[in-house]
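What the coordinates show
Listed here are the chains, written in short residue letters.
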Amino acid sequence: MRRAERLFRIVGMFRDKKVLTAADLSAALEVCERTIYRDLAHLQASGVGIEGVGGIGYVADDNLQLPPLNFSLDQIEALALGLSFVMAAGDKELAQSAAAAQAKIDTVLPQASKPGLSGSPIVASRRASGRAPAHAAVLRRALRTRTIVEFDYQSEQSQPAQRRLRPMTLTAFTDCWTVSGWCETRQALRNFRLDRIEKLRMTTDTFDSVPGHNIDTYAKRRRDLSMHRH
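Summarised in this report is the structure supplied together with it. (Residues numbered from 1 in each chain as written. Predicted model: local features only at pLDDT ≥ 70, side-chain atom pairs only at ≥ 80, totals over all residues. Heavy atoms only, no water.)

Counting through the fold element by element, Ser120 comes out in the loop between helix 5 (92-108) and helix 6 (136-145). On the basis of relative accessible area, Ser120 is assigned to the buried category, the value being 11%. Each C-alpha atom of the pair Ser120 and Leu81 lies 8.3 Å from the other, and the pair is 39 residues apart in sequence. (Helix = DSSP H or I, 4+ residues; strand = E, 2+ residues; numbered from the N terminus. Buried < 20%, exposed > 50% of the residue type's maximum accessible area, 1.4 Å probe, protein only.)

Structure below.
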């Protein structure tokens, strides 16, 4: 869990229960108490109303709020465009998460920043064929957990074939989504269009990053080839 998300959750927990100990927070967020102490110190330094009381724990003010997010107008427009793109191009689950993130940020923006993200005149659109298919959500879970996936794939030149992949990155292009990773079937780094993938499933096998079998190596190889062509 990223620190920003953890800080939001800590504030949310104090809204539900005004008195909490570091041990309570540590158990709920699955981090060590030392991390909780640093997070609480950061919140206190930012002006969040949480005070330490000896023998009791940490006590929250009745009107506990996160400090305003101070974004410039350019930053707000950049966030609005990015979230708008995800809502237009992502799978259903990702689009819903983008909308929820937009609403969450809007609630903590200072009044001077209104109309905020939801009222931004800069938006992204996407042709219907470019939206991520439903199994993009499965691939996102596989990326987070480093889990090998298997699927049938229909390329432009061949009949459907089975592939076994260590997924490493998802890319949204103007007309489609692709997944890139180490193809165990071909023993090489490969790209696959999501709209040509069928019968995708996560296996029970996980993987570690292997030198030469990762996206950084693949990207460097592509850059080197491009330089040689020119």
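Looking now at unusual backbone geometry. Phi at Glu30 takes a positive value of approximately 60 degrees, unusual for a residue other than glycine. Relative to the helices and strands, Glu30 resides in the loop between helix 2 (22-29) and helix 3 (33-45). With a relative accessible area of 72%, Glu30 lands in the exposed category. Its identity is not glycine, yet Lys199 carries a phi of approximately 55 degrees, on the positive side. Its location among the elements puts Lys199 in strand 8 (residues 197-206).

This part is about the pattern of salt bridges. In the structure shown here, the tally under the stated rule is 11 salt bridges. Between Arg140 and Asp91 there is a salt bridge, with its nearest N and O atoms 3.0 Å apart. With Arg140 in helix 6 and Asp91 in the loop between helix 4 (73-89) and helix 5, the pair connects residues that are 49 residues apart, well separated along the chain. The exposure class of Arg140 is buried, given its relative accessible area of 13%. The class for Asp91 is buried, based on a relative accessible area of 3%. Connected through salt bridges with shared partners, the residues Glu150, Arg164, Arg166, Glu184, Arg201 and Asp205 form a single ionic network. (Salt bridge = Lys/Arg side-chain N within 4 Å of Asp/Glu carboxyl O.)

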